[in-house]
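Observations on the three-dimensional arrangement
Below, each chain spelled out in residue letters.
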Number of protein chains: 2
Amino acid sequence: MSCSQEYTPQLRARGYRMTPQRHAILHVLCHSGKHLSPSEVYVRAQKQVAGLTEATVYRTLEFLAENGLARPSHVGNGRLVYEIANHEHHHIKCRNCGDEMEVEHNLLKSMYQKLESASGYQLTDSHVTFFGLCPDCQKGE
Amino acid sequence: MSCSQEYTPQLRARGYRMTPQRHAILHVLCHSGKHLSPSEVYVRAQKQVAGLTEATVYRTLEFLAENGLARPSHVGNGRLVYEIANHEHHHIKCRNCGDEMEVEHNLLKSMYQKLESASGYQLTDSHVTFFGLCPDCQKGE
DNA sequence: TTCCTTATTGCAAAAAGTTGCAATAACATA
DNA sequence: TATGTTATTGCAACTTTTTGCAATAAGGAA
Ligand SMILES: [Mn+2]
Ligand SMILES: [Mn+2]
Ligand SMILES: [Zn+2]
Ligand SMILES: [Zn+2]
């Protein structure tokens, strides 16, 4: 409740509105430390907002991502998951066992700068998932 | 035809089979320099293999990706696209106008090594899309 | 408080992607 | 070349995600 309240002025400032649906979805994201699929968000948010629709959840998650309040992530199965945007990080995931670890953005910072100067682009997103083999699964290879 | 023929032994060696469907889909990927969506692949491959199913296209693209013959890519709309795996590269895409450019893997190589030593993971995939603002769209900001 | 504008939602239909299963056909073996 | 094994396909049902549109309600202004 409080967690999502702080986002209201951010939305207002951009001409958007705070709604019970957005409150509930932000609340769910805030209080889950991990990536959630749209249907996971739906199930949890539904308990706070009767009549909530899955279509609204999909649209809201996309909306929050566009406005920098949530981060989308491709975790490898082709489906999007989301999390609250509170700290910059990336992920490394094992192709074999699915094990996953976080990587500080700091580690990629110099590469981001190199990319920017080489391309002229100004990079905005920083939530990438890299794939590989974890230490354990390398042994089995 | 010839392009896809060369993949036959690779598949055989792993206990898989070359089929008209896989031929056609590999042919389509080989002769299109760009990322294709499953349905784009379907439309083109269908002309060579009557009766080809969309389900088969989805399964085949995933199969080719798992075996390193094709590269899947998340281009930002949440949908997967594919291309033939012939050279290592990445992409930078503009969040505003959609403009996209290729980036040599070389530019990220040292970062990949840093990631590997920091995490203990052995990175396998190298086909990442970074997002930002292109030079033109930065001016409009 | 009341009114007005329009951003947002729910609904329902459509599109995209996945899956179980029986029939088919690739290809190794003899 | 004929045979047997089983990887692969098509089909159809199902799940997930997207979209158009009319009804609703957030919140600025009076
Ligand atoms: Mn994350
Ligand atoms: Mn590519
Ligand atoms: Zn592993
Ligand atoms: Zn641009």
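Residues numbered from 1 in each chain as written. Chains lettered and ligands numbered in written order. Predicted model: local features only at pLDDT ≥ 70, side-chain atom pairs only at ≥ 80, totals over all residues. Heavy atoms only, no water.

Notes on the packing of helix H4 (residues 38-46) of chain A against helix H5 (residues 54-66) of chain A
Residue and element names in this part refer to chain A. Where H4 meets H5, the axes come as close as 9 Å, and the angle between the chain directions of the two elements is 115°. By crossing handedness, the relation of H4 to H5 is classed as right-handed. Between H4, through Pro38, Ser39, Val41 and Tyr42, and H5, the contact on the second element is made entirely by Glu54, Val57, Tyr58 and Leu61. Of the residues contributing to the contact of H4 with H5, the split by class is six nonpolar, one polar and one charged. (Axes fitted to C-alpha atoms, helices over the stretch in contact; angles between N-to-C directions. Helix = DSSP H or I, 4+ residues; strand = E, 2+ residues; numbered from the N terminus. Left-handed = near helix turned anticlockwise from the far one by under 90°. Contact = heavy atoms within 4.5 Å. Nonpolar A, V, L, I, M, F, W, Y, C, P; charged D, E, K, R; others polar.)

Considering H4(A)
All names here are of chain A. For H4, the complete set of buried residues consists of Pro38, Val41, Tyr42 and Ala45. Buried residues of H4, viewed axially, fall in a sector of 105°; they line one side. Of the surrounding secondary structure, the elements contacted by the buried residues of H4 are helix H3 (20-30), H5 and strand S2 (80-84). (Buried < 20%, exposed > 50% of the residue type's maximum accessible area, 1.4 Å probe, protein only. Arc of directions from axis to C-beta.)

So, the protein's contact with DNA strand C
Not every one of the 20 residues close to DNA strand C is listed here, only the nearest: Arg22(A), Thr56(A), Arg12(B), Met18(B) and Tyr58(B). Taken together, the sugar and phosphate atoms account for 74% of what DNA strand C places within 4 Å of the protein. A distance of 2.8 Å is found between a phosphate oxygen of DNA strand C and a backbone nitrogen or oxygen belonging to Arg17(A). Listed by contribution, the elements that provide at least two residues to the surface near DNA strand C are H3 and H5 of chain A together with helix H5 (54-66) of chain B. With three residues, H5(B) is the single largest residue contributor to the surface near DNA strand C. Across the surface near DNA strand C, the residue classes break down as six nonpolar, six polar and eight charged. (Near = heavy atom within 4 Å. Polar contact = N/O pair within 3.5 Å; in protein donor to acceptor, adjacent residues only side chain to side chain.)

Remarks on the coordination of the manganese ion (ligand 1)
Residues and elements named next belong to chain A. Within the protein, the atoms that donate to the manganese ion (ligand 1) are His35 (NE2), Glu83 (OE), His89 (NE2), His91 (NE2) and His127 (NE2), at distances of 2.0 to 2.2 Å. The sequence pattern describing where the donors of the manganese ion (ligand 1) fall on their chain is H-x47-E-x5-H-x1-H-x35-H. A residue pair is termed long-range when its members are at least 10 positions apart, and glutamate 83 in strand S2 and histidine 127 in the loop between strand S5 (122-123) and strand S6 (129-133) qualify at 44 residues. According to the relative accessible area criterion, glutamate 83 is buried, its value standing at 5%. (Donors = N, O, S within 2.8 Å, 3.2 Å for Na, K, Ca; no water.)

A word on the relation of the copies chain B and chain A
For the pair chain B and chain A, the relating rotation is 180°, the translation along its axis is 0.0 Å, and the fit reaches an RMSD of 0.1 Å. Such a turn and shift between the copies fits a two-fold axis. Rotation axis and chain B: the residue whose C-alpha lies nearest the axis is Met111(B), separated from it by 3.1 Å. Most of the interface of chain B is mirrored in chain A: 100% of its interface residues are interface residues there too. (Least-squares fit on C-alpha atoms with pLDDT ≥ 70 in both.)

Looking at the pattern of salt bridges
According to the stated counting rule, one finds four salt bridges over all chains in the structure shown. In this structure, Asp125(B) and Arg95(A) form a salt bridge, with 2.3 Å as the shortest nitrogen-oxygen distance. Taken as a pair, Asp125(B) in the loop between strand S5 (122-123) and strand S6 (129-133) and Arg95(A) in the loop between strand S3 (89-94) and strand S4 (100-104) lie in two separate chains rather than in one. Looking at Asp125(B), the relative accessible area reads 26%, which means it is partly exposed. (Salt bridge = Lys/Arg side-chain N within 4 Å of Asp/Glu carboxyl O.)

Some words on the sheet that holds S3(A)
Strand order across the open sheet formed by four strands is S4(A)-S3(A)-S6(A)-S5(B), with mixed pairing between neighbours. The open sheet is flanked by S4 of chain A together with S5 of chain B, the only strands paired with a single partner. (Pairing = 2+ DSSP bridges.)

A word on the domain arrangement of chain A
Residues and elements named next belong to chain A. When its domains are assigned, chain A resolves into domain 1 (2-84) and domain 2 (89-140). Each partner contributes residues to the interface: domain 1 has eight residues there, and domain 2 has seven residues. At the boundary of domain 1 with domain 2, total buried surface from both sides reaches about 590 Å², with 45% on carbon and sulfur atoms. Taken as a group, His35, Arg71 and Val75 account for 54% of the area that domain 1 buries against domain 2, more than any other trio of residues on that side. Between the two partners, domain 1 and domain 2, sit zero salt bridges. The interface formed by domain 1 and domain 2 contains six residue pairs in polar contact (both at pLDDT 80 or more). It is strand S1 (residues 70-74) that contributes the most residues to the side of domain 1 that touches domain 2, four residues altogether. Residue composition of the side of domain 1 that touches domain 2, grouped by class: two nonpolar, four polar and two charged. (Domains from an automatic or database assignment. Buried area = accessible area lost by both parts, 1.4 Å probe.)

Topic: the sheet that holds S5(A)
In space, the four strands of this open sheet follow the order S5(A)-S6(B)-S3(B)-S4(B), with mixed pairing throughout. With one partner strand each, in any of the chains shown, S5 of chain A together with strand S4 (100-104) of chain B form the two edges of the open sheet. Here strand S3 (residues 89-94) of chain B pairs with S6(B) via four bridges, running parallel. When the sheet's bridge partners are listed, Ile92(B) is paired in S6(B) with Phe130(B).

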